[in-house]
Amino acid sequence: MFAEGVLWQHGKSRAVDRQMRDQPEAREGKTGLHGMAERPVLPRKPGNAGGGKGPWFKGDAGRGEGEEIGVSLRTPESVWKLQGALHAKAKGEPSYRFYSLYDKIHRKDVLLHAWNCCRANGGGAGVDGQSFEQIEAWGLEGWLGELAEEIRKKTYRPQAVRRVWIPKPDGKQRPLGIPTIRDRLVQMAAVIILEPIFEADLAEEQYGYRPGRSAHGAVREIHGLLNRGYREVVDCDLSGYFDSIPHHELMESI
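Sequence order as written defines the numbering, with residues in each chain counted from 1. Whole-chain, interface and lining totals are the exception, using all residues; otherwise, since this is a predicted model, local features are given only for residues with pLDDT of at least 70 and side-chain atom pairs are given and counted only at 80 or more. Side-chain metrics in this entry use all non-hydrogen atoms of the structure; hydrogen atoms and water are not considered.

Some thoughts on the overall build of the protein chain
Okay, step 1: Put simply, DSSP marks the helices as runs of H or I at least four residues long and the strands as runs of E at least two long, and each gets a number from the N terminus on. For the protein chain, the helix and strand inventory stands at nine helices and six strands.
Okay, step 2: Burial status follows relative accessibility: with a 1.4 Å probe on protein chains alone, a residue under 20% of its type maximum counts as buried, one over 50% as exposed, and anything between as partly exposed. Classification of the 254 residues of the protein chain by burial places 35% in the buried group.
Okay, step 3: Whether two residues are in contact is decided by their heavy atoms, any of which lying within 4.5 Å being enough. Long-range contacts, defined here as pairs at least 24 residues apart, represent 69% of the contacts in the protein chain between residues at least 6 apart.
Okay, step 4: The accessible surface values rely on the Shrake-Rupley method and a 1.4 Å probe; as for residues, cover is taken only from the protein chains in view. About 15,300 Å² of surface is accessible on the protein chain, with carbon and sulfur atoms providing 55% of the total.

Here it is as structure tokens:
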């Protein structure tokens with residue numbers, strides 16, 4: 001984890017009100033200082049591999065700029081164009097509400113790309129005991145087709161999450177939920193569609209859990225600010241945030 005701090009120059013505060021005033025109108029009002037970018041339910045290796053400062057989704061970007069998901073995993077052309085179009089719409093019309101996104105989730109290219117992302121992440125099986133290798137042995141195309149049909153008919157229901165505990169440096173344990181591969185795939189498909197829309201509302205200074213950005217990118221940005229005379233860093237964190245997310249309000253916002 002790294003801090004997303006507010007930096008001050010010798011005795012000169014950077015105007016917080018100016019930052020809030022310069023924020024674009026978000027889909028649920030202004031993001032202000034609370035437009036924090038949080039990770040999806042499934043932590044991903046792809047997405048934070050890059051270190052670019054600019055927006056990840058660019059409708060006018062040339063092919064090859066901004067479409068990298070990981071070191072070797074590339075976004076398919078059709079999915080990349082869809083993400084670019086969604087981002088351009090969200091960026092160009094901040095007050096626009098997206099009402100026709102559900103049908104994008106069960107698109108064959110989106111689900112296949114979501115599978116590739118989840119496959120690259122690896123990880124163990126969920127409560128159903130189903131592994132990536134088993135699904136591939138049974139036939140991936142048919143498995144994805146059945147899942148797409150469930151989503152299309154709105155009969156899809158997520159399964160329970162397998163709970164495991166991982167040790168923390170301080171000796172305590174952190175709970176980790178492992179969804180089934182099926183549910184991880186649907187979550188990833190939702191991220192693929194929603195991420196370019198939410199990205200349009202986030203502040204330029206935010207690096208946490210954003211595609212194409214990383215802790216190293218934040219360090220480089222802070223290093224540049226230090227070279228320009230800024231000297232103070234405010235480091236703050238919300239204790240146990242993911243244990244206390246107000247889910248009802250979160251879903252209302254989405």
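As for the nonpolar core
Okay, step 1: Here, the term nonpolar core denotes a set of buried Ala, Val, Leu, Ile, Met, Phe, Trp, Tyr and Cys residues that are joined through side-chain atoms within 4.5 Å. Of all hydrophobic cores here, the largest spans 30 residues; its most connected members are Trp115, Trp143 and Ile193.
Okay, step 2: Going through the elements one at a time, α2 (77-92), α4 (108-121), α5 (132-138), α6 (140-153) and α7 (181-199) are the ones with two or more residues in this core.
Okay, step 3: Broken down by element, this core gets its largest block of residues, eight residues, from α7.
Okay, step 4: With residues near it in sequence (within four places) discarded, Trp143 still touches Trp115, Gln130, Ile135, Ile181, Arg182 and Leu185.

Quick look at the pattern of salt bridges
Opposite charge on two side chains allows them to pair when their charged atoms are near.
Okay, step 1: Salt-bridge detection follows one rule: a side-chain nitrogen of Lys or Arg within 4 Å of a carboxyl oxygen of Asp or Glu. Summed over the entire model, instances satisfying the criterion amount to 13 salt bridges.
Okay, step 2: Residue Glu93 pairs with Lys89 through a salt bridge whose shortest N-O separation is 2.7 Å.
Okay, step 3: On the accessibility criterion, Lys89 (30% relative accessible area) is partly exposed.
Okay, step 4: Through salt bridges with shared partners, a single network forms among Arg119, Glu133 and Glu136.

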